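# Coordinate inspection notes
Here's the letter readout for the chains.
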Amino acid sequence: MSYVDEVLEQVKAKNADQPEFLQAVSEVLDSLRPVIDANEELYRKNAILERITEPDRQIMFRVPWVDDNGQVQVNRGFRVQFNNAIGPYKGGLRLHPSVNLSIIKFLGFEQIFKNSLTTLPIGGGKGGSDFDPKGKSDREIMAFCQSFMTELGKYIGADIDVPAGDIGTGAREIGYMFGQYKRIQGMFEGVLTGKGLTWGGSLARTQATGYGLLYLTNALLKDHNIDIAGKTCAVSGSGNVAIYAIEKAQQLGAKPVTCSDSTGWIYDPEGIDVALLKEVKEVKRARLTEYAAARPSAEYHEKKNGEHGVWQYKVDLALPCATQNELDLEDAKMLVANGVISVTEGANMPTTLDATKYLQENGVLFVGGKAANAGGVATSALEMSQNSERLSWSFEEVDGKLKGIMETIYANISDAAKRYGVEGDYVAGANIAGFEKVVDAMLAQGVC
Ligand code: NDP
């Protein structure tokens, strides 16, 4: 039995009750087979796979808080510190009723490789709680966040573990958690990222994921001697990632003609009016029907099951920026039939596995979210750097660094794929490039 298969068996036996974690480990180790097979003896002797699939530590704790009726509520808090071979643990805090240990371990495991890819010194971790922020009052949110941080604060620090936002944890929650940490520790340090601009946050963090996606897409196209200027794009979503992907695509001379939300989509052959989109989504927090009402060139379509939505149009570039599993095999076939050149993922796991395979087999340039949307976490790491220096960089400085990072990520994943005989497979290239750096550090640091 190969080393990968042996370790997969062990991980399954030890974590039988954790389906999400097992799926992530299988997918990552499968795509790493070329590099693991080539170094089997060294990795086996040093138990690299056994060590990389076992978190450094997993912390679970009670989070008691008092609701607006004076009733005590109890949630479960998690922080999985997975691997700090290349830097302090870093990863978001998810607040959602679906959160459990398996999901946090799955996300923390993936985070190791994604963070490594950013080229910055950050390890992998993830945390959260099964607390549901929906429908809670501001005071209840604060009570939860303070209680959560009272316990979590014992295990984190600017050089130890630096959590960030994720689903359910936005600027408000980061603020309450930061305030409680500061109060308990009696010091101001960059222990969380996603902070407000007046208290240690970074300029360009808002734009980072969408802009980064386009910097990487541009590097990919350039490498294939394709000019992004004049290319039409299908974008899904109309949230943070989608809006800034559309904005940067336009700045680079491309023409995004679609966007969507959970109830419908826009097709605007004249090109999306990004100022209007921001007004509708960021200011009014309204539906896309308002965009269509204000823009004569735009068509609005209500979402119906089984329809191809934004993927049915003839475009050069596809940029899925909404949610998981939003681009399936049928959509992929439609895109290929329409001659799409590239699919680069702004969202996490928007393309189903069979769709990814179909796109790759049909010569579409495909870069998965682990590399393509890494601009967000990279800019969080730049927030850490600014906090350590006690300086705030200008927008241009952060944006310039982000561009350089995304271009380097593309060069690294392309190079890793070539070195292991899978040229053009950027999914394998991303896993390999992220993995190699962590393994080098683990080997150098001995048995720990
Ligand atoms: P937002 O919540 O700001 O936006 C999500 C957008 O997707 C909204 O327009 C939402 O519509 C839409 N959407 C949700 N579900 C569907 C659906 N089923 N069909 C069509 N549209 C849908 O999230 P972000 O932009 O921040 O994140 C988008 C993705 O990118 C997520 O996968 C996230 O994990 C990933 N990501 C985000 C990063 C960041 O820095 N923001 C970093 C790395 C990854 P509606 O308004 O109707 O809900």
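Located above this text is the structure these notes cover.
What comes next is a walk through the structure. (Residues numbered from 1 in each chain as written. Predicted model: local features only at pLDDT ≥ 70, side-chain atom pairs only at ≥ 80, totals over all residues. Heavy atoms only, no water.)

Here strand β1 (residues 57-66) pairs with strand β2 (residues 72-83) via 10 bridges, running antiparallel. Its bridge partner lying in β2, Met60 is registered against Phe78. A loop of five residues connects β1 with β2, the two strands running antiparallel in sequence, and Gly70 in this loop sits at a positive phi of about 85°. (Pairing = 2+ DSSP bridges. Helix = DSSP H or I, 4+ residues; strand = E, 2+ residues; numbered from the N terminus.)

This paragraph deals with helix α10 (residues 240-251). Note on helix geometry: an α-helix contains 3.6 residues per turn, so any two residues three or four positions apart are oriented the same way. Between its first and last C-alpha atoms α10 spans 17 Å; for 12 residues at 1.5 Å apiece the expected length is 16 Å, and the two agree. Judged by how many residues are buried, α10 sits mostly within the fold: nine of 12 residues are covered. Every buried residue belonging to α10 is among Val241, Ala242, Ile243, Tyr244, Ala245, Ile246, Glu247, Lys248 and Ala249, and all of these are buried. Backbone geometry just downstream of α10 places Gly253 in the positive-phi region, at approximately 95°. (Expected span 1.5 Å × (residues − 1). Buried < 20%, exposed > 50% of the residue type's maximum accessible area, 1.4 Å probe, protein only.)

It is worth spelling out the pairing of strand β4 (residues 123-129) at this point. Counting buried residues in β4 gives seven out of seven residues, a clear majority hidden from the surface. Side chains Gly123, Gly125, Gly127 and Ser129 of β4 all project onto a buried face; the interleaved residues Gly124, Lys126 and Gly128 project onto the opposite face, where all are buried too. The pairing of β2 with β4 spans six bridges and is antiparallel. Bridging from a neighbouring strand, Gln81 pairs with Gly125 of β4. Pairing geometry for strand β3 (residues 89-95) and β4, over five bridges, is parallel. Along β4, the bridge assignment pairs Arg94 with Gly128. Viewed along the sheet, the connection from β3 through helix α6 (residues 101-117) into β4 turns out right-handed. (Right-handed = clockwise from strand over helix to strand, strands pointing away.)

The subject of this paragraph is the environment of Leu276. With respect to the helices and strands, the residue Leu276 is situated in helix α11 (residues 274-283). Considered as a pair, Leu276 and Arg295 are 19 residues apart in the sequence and their alpha carbons are 8.6 Å apart. Other than its neighbours up to four places away in sequence, Leu276 contacts Tyr291, Ala294 and Arg295. (Contact = heavy atoms within 4.5 Å.)

The next thing to look at is the nonpolar core. In a soluble, globular protein the nonpolar side chains are often hidden away together inside. Ile36, Leu49, Phe109, Tyr291, Ile413 and Phe435 are the most contacted members of the largest nonpolar core, which totals 101 residues. Once residues lying within four places of it in the same chain are set aside, the contact partners of Ile36 are Tyr3, Val4, Leu29, Tyr43, Leu49 and Phe435. Ranked by size, the runner-up nonpolar core spans 22 residues in total, among them Trp65, Ala143, Ile156 and Ile174. (Core = buried A, V, L, I, M, F, W, Y, C linked by side-chain atoms within 4.5 Å.)

We now examine a nonpolar patch on the surface. On the surface, a cluster of nonpolar side chains totalling about 250 Å² of accessible area is made up of Val66, Val72 and Val74. Examined against the element boundaries, Val66 turns out to sit in strand β1. (Patch = residues over 30% accessible without salt bridge, like charges linked within 9 Å, V, L, I, M, F, W, Y side chains within 5 Å. Areas by Shrake-Rupley, 256 points an atom, 1.4 Å probe, with all protein chains shown as cover. Salt bridge = Lys/Arg side-chain N within 4 Å of Asp/Glu carboxyl O.)

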